[in-house]
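Residues per chain are reported as follows:
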Amino acid sequence: MSAETPRLTTPQASIVVICYEMARALPRTLLSLSPQYQRDCPPGMIEVIVIDNGSRDPPRAEDFAHLGLDLRVVHWPPGDKSPVKALNHGLRLARAPLICAWIDGARMASPGLVSASIAAARLHPRPVVATPNYHIGHETQIALALKGHDEAAEDRLLDSIGWPANPERLFEISTAVWRSGESERMLETNALFMTRAMWDEFGGYDERFTSAGGGAANCDIFLRACEAEGTQLIRIRGEATFHQVHGGTTSNAGESGLDVGMAISREYYRLRRKPIVGVRSPGWIFDSGTGALV
Amino acid sequence: MTTPLTDAETLRAWLKSYISAVLDLEADTVSTAVPFDSYGLDSVEAVIMAGVMEEEFSIRIDPTMVFEDPSIDGLVKALQGAGLVR
């Protein structure tokens, strides 16, 4: 569906994807969200809103027409190194009652992520639905960057599992990052599903996070949502997002990754006057395989 | 180089307090001599802690200092060596 096509039905969920200079990564991410890739997610069940944050050669909706997505591509003006304002714009455009913020367009989805997240969100009136973040590679991409890991190496890894024909095998070639385990204090998720009412209540992302890549903005909204009265964290077991190499601000920062991490910490502390600390409650676990809470 | 504003004992006490608060530990159980990860402070949390230290004490830390001798005593010693702590 092109950006100009009138929309007559309301999708069950809107996914707002942010990209910047992701000519290689974004097509794979959008493929991973498409009906041909996602299980139990027929055409029209979700809308995907891509907000390009000022790329020199921005993506066009017509380039992805073959994917069968209800897709809109919006070009945000260049000049803002933080994606937060662009992301909030996308959240405002979303039509569905359930909205997912996908702050990094270089992250592919596992094949049951969308349907599991939608099903999990139905289990509570104020759900905070989260899936763990992985890096493609047998170590974190911060570590791999120091060893020369690059896009070609990533392509070989993907070829080794026959991706995209066997998308569930992404777990075999990837590494969980940023305290994503079920017993760990979760810090963030790249696929954050909440109701429209909740996004409105929290005011979206805090636009004072002006660091490149948004800094701790994604942690901040996730932690604020989990701490808000009456909300329920629901972690999805068996699904994840998988970060591709793309020269990103944090995950691919290499030697400067520590400096970037400290800068993120400083900005968060200046704004919140407390350190970034993961969610203490383990929340509920929704098993994607069984379609039920554990 | 500017004159360090913070003395080693103040920083040591702050680090114990910080770690105990973040990890829900009694401050008395946080040893200054053992590695951070022995009481569950992982590398991500150590980086976050270093960023907060920078804000609290108005200093700039080489992040590798946090990992060369990853303990409270080791970090304080490294910061003293760099002239950031009295």
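Keep in mind the model is a prediction, meaning the values are calculated, not measured.

Participant: So what's going on with helix 5 (residues 151–160) of chain A? Residues and values would help.
Facilitator: Residue and element names in this part refer to chain A. Among all positions of helix 5, only Ala153, Glu154, Leu157 and Leu158 are buried. All buried residues of helix 5 fall inside an arc of 140° around its axis, so they share one side. Opposite the buried face of helix 5, by more than 90 degrees, sit the exposed residues Arg156 and Asp159. The residue sitting at the N-terminus of helix 5 and contributing the capping side-chain oxygen is Asp150; that oxygen lies 3.3 Å from the backbone nitrogen of Ala152. Of the residues one or two after helix 5, Gly162 is the one with positive phi, at around 70°.

Participant: Give a detailed account of the packing of aromatic side chains, specifying residues and quantitative values.
Facilitator: Residue and element names in this part refer to chain A. Applying the stated rule across the entire model yields eight aromatic pairs over all chains. Arranged with centres 5.0 Å apart and planes meeting at 80°, the rings of Phe171 and Phe242 form a pair that is edge-to-face. Of this pair, Phe171 sits in the loop between helix 5 and strand 8 (174–176) while Phe242 sits in strand 11 (residues 241–243), placing them 71 residues apart in sequence. A relative accessible area of 27% places Phe171 in the partly exposed class.

Participant: Give me the interface of chain B and chain A: which residues, what numbers.
Facilitator: Contact with chain B, which involves 21 residues of that partner, is made by 17 residues of chain A. Here chain B meets chain A over a buried area of about 1,700 Å², counting both sides, of which 62% is carbon and sulfur. Counting every contact that joins chain B to chain A gives five salt bridges. Put simply, B:Glu54 and A:Arg266 hold a salt bridge, and the shortest N to O gap is 2.3 Å. The interface formed by chain B and chain A holds nine residue pairs in polar contact (both at pLDDT 80 or more) in total. Element by element, the count of residues in the side of chain B that touches chain A is highest for helix 2 (residues 43–57) of chain B, at 10 residues. When grouped by side-chain class, the residues that make up the side of chain B that touches chain A number 12 nonpolar, two polar and seven charged.

Participant: Residue-level account of the packing of helix 8 (residues 257–272) of chain A against helix 2 of chain B, with values.
Facilitator: Two elements in contact, helix 8 of chain A and helix 2 of chain B, have axes separated by 7 Å at closest approach and are oriented at 55°. The orientation of helix 8 of chain A with respect to helix 2 of chain B, classified from their angle, is oblique. Considering how the two elements wind past one another, helix 8 of chain A and helix 2 of chain B form a crossing that is right-handed. Of the residues in helix 2 of chain B, those touching helix 8 of chain A at A:Leu258, A:Gly261, A:Met262, A:Ser265, A:Arg266, A:Tyr269 and A:Arg270 are B:Val47, B:Ile48, B:Ala50, B:Gly51, B:Val52, B:Glu54, B:Glu55 and B:Glu56.

Participant: Which residues make up the pattern of salt bridges, and what are the values?
Facilitator: A full pass over the atoms with the stated rule returns 29 salt bridges over all chains. Between B:Asp24 and A:Arg185 there is a salt bridge whose closest N-O contact spans 3.0 Å. Within this pair, whereas B:Asp24 is found in the loop between helix 1 (8–23) and helix 2, its partner A:Arg185 is found in the loop between strand 8 and strand 9 (192–195), the two belonging to separate chains. On the accessibility criterion, A:Arg185 (17% relative accessible area) is buried. For B:Asp7, the salt bridge is made with B:Arg86, and the minimal N-O distance between the two is 3.9 Å. Pair noted here: B:Asp7 is in the segment before helix 1 and B:Arg86 is in the segment after helix 4 (72–81), with a separation of 79 residues, a long-range link.

Participant: I'd like a description of empty space enclosed by the protein, backed by residues and values.
Facilitator: Residue and element names in this part refer to chain A. Tallying each qualifying case throughout the model produces one cavity of 30 Å³ or more. Volume-wise, the largest cavity comes out at about 30 Å³. If you go around the largest cavity, the residues you meet are Leu33, Pro35, Cys41, Pro42, Pro43, Gly44, Ile46, Gly68, Leu69 and Asp70.

Participant: I'd love a proper account of the nonpolar core, names of residues and values included.
Facilitator: With 72 residues, the main nonpolar core has A:Tyr205, A:Phe222 and B:Ile19 as its most contacted residues. Every residue in contact with A:Phe222, bar those within four places of it in the chain, is listed here: A:Val128, A:Ala130, A:Met186, A:Leu187, A:Glu188, A:Thr189, A:Leu192, A:Leu233 and A:Val279. Within the second largest apolar cluster, 50 residues are counted, among which are A:Ile15, A:Val73, A:Ala120 and A:Ala191.

Participant: Would you mind going over the layout of surface pockets in detail, with residue names and values included?
Facilitator: Volume-wise, the second largest pocket comes out at about 380 Å³. For the lining of the second largest pocket, the secondary-structure elements that each account for two or more residues are helix 8 of chain A together with helix 2 of chain B. Element by element, the count of residues in the lining of the second largest pocket is highest for helix 8 of chain A, at five residues. In terms of residue class, the lining of the second largest pocket is built from 11 nonpolar, seven polar and two charged.

Participant: For the UniProt feature "domain: Carrier" (unreviewed entry) in chain B, give the residues involved together with the corresponding values.
Facilitator: Taking the numbering used here, the UniProt-annotated feature "domain: Carrier" (unreviewed entry) corresponds to residues 6–83 of chain B. Annotated as residues 6–83 of chain B, this span is 58% helix and 0% strand, and its ends, taken at the C-alpha atoms, are 10 Å apart.

Participant: Help me get a handle on the environment of A:Tyr37, residues and values and all.
Facilitator: Residue and element names in this part refer to chain A. Mapped onto the secondary structure, Tyr37 falls in the loop between helix 1 (25–32) and strand 2 (46–52). The exposure class assigned to Tyr37 is buried, which follows from its relative accessible area of 7%. Each C-alpha atom, one on Tyr37 and one on Pro11, is 18 Å from the other, the two residues being 26 residues apart in sequence. If we ignore the near neighbours within four places in the chain, the residues touching Tyr37 are Leu31, Ser32, Ala109, Ser110, Pro111, Trp163, Pro164, Pro167 and Leu170. Within the structure, the side chain of Tyr37 is placed 3.0 Å from the side chain of Trp163, a separation counted as a polar contact.

Participant: I'd like a description of the sheet that holds strand 11 of chain A, backed by residues and values.
Facilitator: Residue and element names in this part refer to chain A. Spatially, the four strands line up as an open sheet ordered 5-11-7-8, and their pairing is mixed. Edge positions in the sheet fall to strand 5 (107–109) and strand 8, since each has one partner strand and no second. Each neighbouring strand pair of the sheet contributes to a mean axis angle of 35°, computed without reference to strand direction. Where strand 7 (residues 133–136) and strand 11 come together, three bridges link them in parallel fashion. Directly across from Asn133, in strand 11, lies its bridge partner Thr241.

Rules behind the numbers
- Residue numbers here run from 1 along each chain, matching the order of that chain's written sequence.
- Starting at A for chains and at 1 for ligands, labels are handed out in the order in which the entities are written.
- Owing to the predicted nature of the model, reporting of local features is limited to residues with pLDDT of at least 70; listing and counting of side-chain atom pairs is limited to 80 or more, with chain, interface and lining totals taken over all residues.
- Derived side-chain values reflect all non-hydrogen atoms in the structure, with water molecules and hydrogen atoms excluded from consideration.
- Partly exposed residues are those whose accessible area sits between 20% and 50% of the maximum for their type, while under 20% is buried and over 50% is exposed, using a 1.4 Å probe and protein chains only.
- Strands here are runs of E lasting at least two residues and helices are runs of H or I lasting at least four, both read from the DSSP assignment and numbered beginning at the N terminus.
- Relevant arc is that of directions from the helix axis to the C-beta atoms, nothing else.
- For this analysis, a polar contact is any N or O atom pair within 3.5 Å, provided that within protein one partner can donate a hydrogen and the other can accept it, and provided that sequence-adjacent residues contribute only side-chain to side-chain pairs.
- Centres within 6.5 Å make a pair out of two Phe, Tyr or Trp rings, where for Trp the six-membered ring is used; the pair is then stacked when the planes are under 30 degrees apart, edge-to-face when over 60, and tilted otherwise.
- In what follows, a contact means two residues having at least one pair of non-hydrogen atoms within 4.5 Å.
- Defined here as a combined quantity, buried area equals the accessible surface (1.4 Å probe) lost by two parts on assembly, summed across both.
- Salt bridges are identified by distance alone: a Lys or Arg side-chain nitrogen within 4 Å of an Asp or Glu carboxyl oxygen.
- All residues other than Ala, Val, Leu, Ile, Met, Phe, Trp, Tyr, Cys, Pro, Asp, Glu, Lys and Arg, Gly among them, are scored as polar; the first ten of these are nonpolar and the last four charged.
- Only the stretch in contact is used when fitting a helix axis, every axis being a line fitted to C-alpha atoms; angles between N-to-C directions are given from 0 to 180 degrees.
- Between 65 and 115 degrees an angle is taken as roughly perpendicular, under 35 as roughly parallel, over 145 as roughly antiparallel, and anywhere else as oblique.
- Definitions for this section: a left-handed crossing has its near helix turned counterclockwise from the far helix by less than a right angle. A right-handed crossing has that turn clockwise.
- In the cavity and pocket records, a cavity denotes points on a 1 Å grid over the protein atoms alone where a 1.4 Å probe fits but cannot get out, a pocket denotes an open set with protein on both sides within 12 Å along at least 5 of 7 lines, and lining residues are residues with an atom within 4 Å of a point.
- Grid points are joined across faces, edges and corners, and a volume is the space filled by probe spheres set on the points.
- Take the buried Ala, Val, Leu, Ile, Met, Phe, Trp, Tyr and Cys residues and link them wherever side-chain atoms come within 4.5 Å; each set so joined is a nonpolar core.
- UniProt positions are given in the numbering used here, feature names are shortened, and annotations may be inferred rather than shown by experiment.
- For two strands to be treated as a pair, DSSP must find at least two bridges joining them.

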